[in-house]
Amino acid sequence: MRLLAAAGEAGQVHLTSQTRIVAAVLAVFFMLLILDLIRRDRLQERYSVIWFVAGLGMLAGAAFPGLLELVADLLGVRNTNVALFSIVLLLLLGLALNFSVIMSRQAAQITRLAQERAIEQARNQAEQANGNGSSGEQGLQPEEQRFEG
Amino acid sequence: MRTLVFIPAWNEEASVAGVIADVRRSMPEADLLVVDDGSTDNTVARAREAGALVASLPFNQGLGAALQTGYLYALRNGYDACAHLDADGQHPPEEVARLLAEITADRADLVIGSRYHAGAVSASGDYRPTFSRRIGTSVFRFFLTLATRQRFTDTTSGMRAANRRVMALFSKHYSPDFAEIESLQLAVRQGLRVEELPVRMLERTGGTSFLTPVRSAFFIFKGLVVLLVGQFRPRQAEAER
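Every value quoted in this text rests on a predicted model; they were computed, and no experiment measured them.

Topic: the overall build of chain B
On a plain count of helices and strands, chain B comes out with nine helices and seven strands. For chain B, with 241 residues in total, the buried portion stands at 47%. Of the contacts made within chain B by residues no fewer than 6 positions apart, 77% connect residues no fewer than 24 positions apart.

Describing the interface of chain A and chain B
The interface is formed by 14 residues belonging to chain A together with 19 residues belonging to chain B. Mapped onto the side of chain A that touches chain B, the elements with two or more residues apiece are α5 (80-130) and α6 (143-146) of chain A. With 10 residues, α5(A) is the single largest residue contributor to the side of chain A that touches chain B. Taken together, the residues of the side of chain A that touches chain B break down into six nonpolar, four polar and four charged.

With respect to the nonpolar core
Core analysis: the largest hydrophobic core is formed by 71 residues, its most contacted members being B:Leu33, B:Val34, B:Val35, B:Cys82 and B:Ala161. If sequence neighbours within four positions are ignored, B:Ala161 has contacts with B:Ala81, B:Ala83, B:Val96, B:Leu99, B:Leu100, B:Glu102, B:Ile103 and B:Val111.

With respect to the sheet that holds strand β2 (residues 31-37) of chain B
Residue and element names in this part refer to chain B. Reading across the sheet, the seven strands line up as β3-β2-β1-β4-β6-β5-β7 and stay open at both edges, with mixed pairing between neighbours. Across the chains shown, the open sheet's two edge strands, defined by having one partner strand only, are β3 (53-57) and β7 (194-198). Direction aside, the axes of adjacent strands within the sheet are offset by 20° on average. Here β2 pairs with β3 via five bridges, running parallel. Each bridged residue has a counterpart across the sheet, and for Val-35 the counterpart in β3 is Ala-55.

Considerations on the environment of B:Ala47
All names here are of chain B. For Ala-47, the location among the structural elements is in helix α2 (residues 43-49). With 28 C-beta atoms counted inside 10 Å, the residue Ala-47 sits in the buried group. Expressed as a C-alpha distance, the spacing of Ala-47 and Ala-9, which sit 38 residues apart in the sequence, is 9.6 Å. Ala-47 has contacts with Ala-9, Val-16, Ile-20, Val-34, Ala-52 and Val-54, leaving out every residue within four places of it along the chain.

Overview of the environment of A:Ala72
Among the structural elements, A:Ala72 can be located in helix α4 (residues 65-75). Sequence-distant contacts of A:Ala72, defined by excluding residues within four places in its chain, comprise A:Val77, A:Thr80 and A:Ala83.

Thoughts on the packing of α5(A) against helix α3 (residues 63-76) of chain B
Where α5(A) meets α3(B), the axes come as close as 10 Å, and the angle between the chain directions of the two elements is 55°. The pairing of α5(A) with α3(B) is recorded here as oblique in orientation. Between α5(A) and α3(B) lies a crossing of right-handed hand. Taken together, the residues of α3(B) that come into contact with α5(A) (itself represented by A:Thr111, A:Gln115, A:Ala118, A:Ile119 and A:Ala122) are B:Ala65, B:Gln68, B:Thr69, B:Leu72, B:Tyr73 and B:Arg76. Grouping the constituent residues of the contact of α5(A) with α3(B) by class yields six nonpolar, four polar and one charged.

A closer look at the pairing of strand β1 (residues 3-9) of chain B
Strand residues, when the strand is regular, have side chains that alternate between the two faces of the sheet. Residue and element names in this part refer to chain B. With respect to burial, β1 is a largely interior element, seven of its seven residues being buried. Residues Thr-3, Val-5, Ile-7 and Ala-9 line one face of β1 and the alternating positions Leu-4, Phe-6 and Pro-8 line the opposite face, and both faces are buried. Here β1 pairs with strand β4 (residues 81-84) via four bridges, running parallel. Counterpart to Val-5 in the pairing with β4 is Ala-83. Pairing of β1 with β2, which is carried by six bridges, proceeds in the parallel orientation. By the bridge assignment for β2, Ile-7 is matched with Val-34. Handedness of the β1-helix α1 (residues 16-26)-β2 crossover: right-handed.

What counts, and at which threshold
Residues numbered from 1 in each chain as written. Chains lettered and ligands numbered in written order. Predicted model: local features only at pLDDT ≥ 70, side-chain atom pairs only at ≥ 80, totals over all residues. Helix = DSSP H or I, 4+ residues; strand = E, 2+ residues; numbered from the N terminus. Buried ≥ 20, exposed ≤ 12 C-beta atoms within 10 Å, placed from the backbone. Contact = placed C-beta atoms within 7 Å. Nonpolar A, V, L, I, M, F, W, Y, C, P; charged D, E, K, R; others polar. Core = buried A, V, L, I, M, F, W, Y, C linked by C-beta atoms within 7 Å. Pairing = 2+ DSSP bridges. Axes fitted to C-alpha atoms, helices over the stretch in contact; angles between N-to-C directions. Parallel < 35°, antiparallel > 145°, perpendicular 65-115°, else oblique. Left-handed = near helix turned anticlockwise from the far one by under 90°. Right-handed = clockwise from strand over helix to strand, strands pointing away.

Read these as geometric descriptors, not functional statements.
Structure representation (structure tokens):
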């Protein structure tokens, strides 16, 4: 508590070299994990960029603690701890929103795929009912011919 | 003039065959399509037995996605007009035929069958809305009228008829979970002629309404958000510029 209060008053960063090392190691492990996920096809490259940026941010914060102080000043926050948590929260908020956008796009794609499949099914049923194709042969005909007669 | 009547159905095995037979009887010249919205009961089998074409969505996607499937099918297969009605037996096909007549006469691009319109015919066993539905209806009526500057009485009606302009629009843009209201707003904003026609509706013959008070409240809230967002979508004229 005394330490926190001191940090608040002085506006100085109280990261010991030990915490900086731990943070840097974590950041490196994090980015290695991302690489490994891509390598094993569990994560697509296009969705990994944002995570690399996050990892690099962590690394930068560990390497240059002055950076955090600078950002805290810019935000007008005297307590650098508060600044740190705020930045992380905002970053996570942005990531979550990013995922919602991706999810919405994929939901729309899935819906369209399901609709195409449903329409195709109805077409096949119509063709069989019309006797246009013997069973088994479901060759595509020009659209105009499909439902005439 | 080629006409498609489509029926979105989700777990309506009790009523779907009856509705198909009714539509066949009152509109023998129209083609019929049942859009199965991932039913887990025998809806698909019942509809096929009744002789209807069935477009079956592999999983439940919501009414909007089912209706959009119908519009897309109509557009792709070159129909001049299409109409849809609910599979629960609330919508008499003769009334749907009246909506379609407005489309074939080119008096409107989209016609909505309204339960609440001043001229709606009342008959024995006609439609009586529940309390929570009445509240929702008036809230939506107020805000949709405000948003579109056009008077709508039955914003959630599932009985509609449309021409190819509407098919093209709805097969591209149709909100999957807030179909009825947003689509009206969209059509008006795109400069389409939307018209309401008073119709007679019946009590549902099978299944139960999904609306409980809590759900209704959530439904209304969601609807208002959707309407608000819809006001910020580009209009046709602006989009083309």
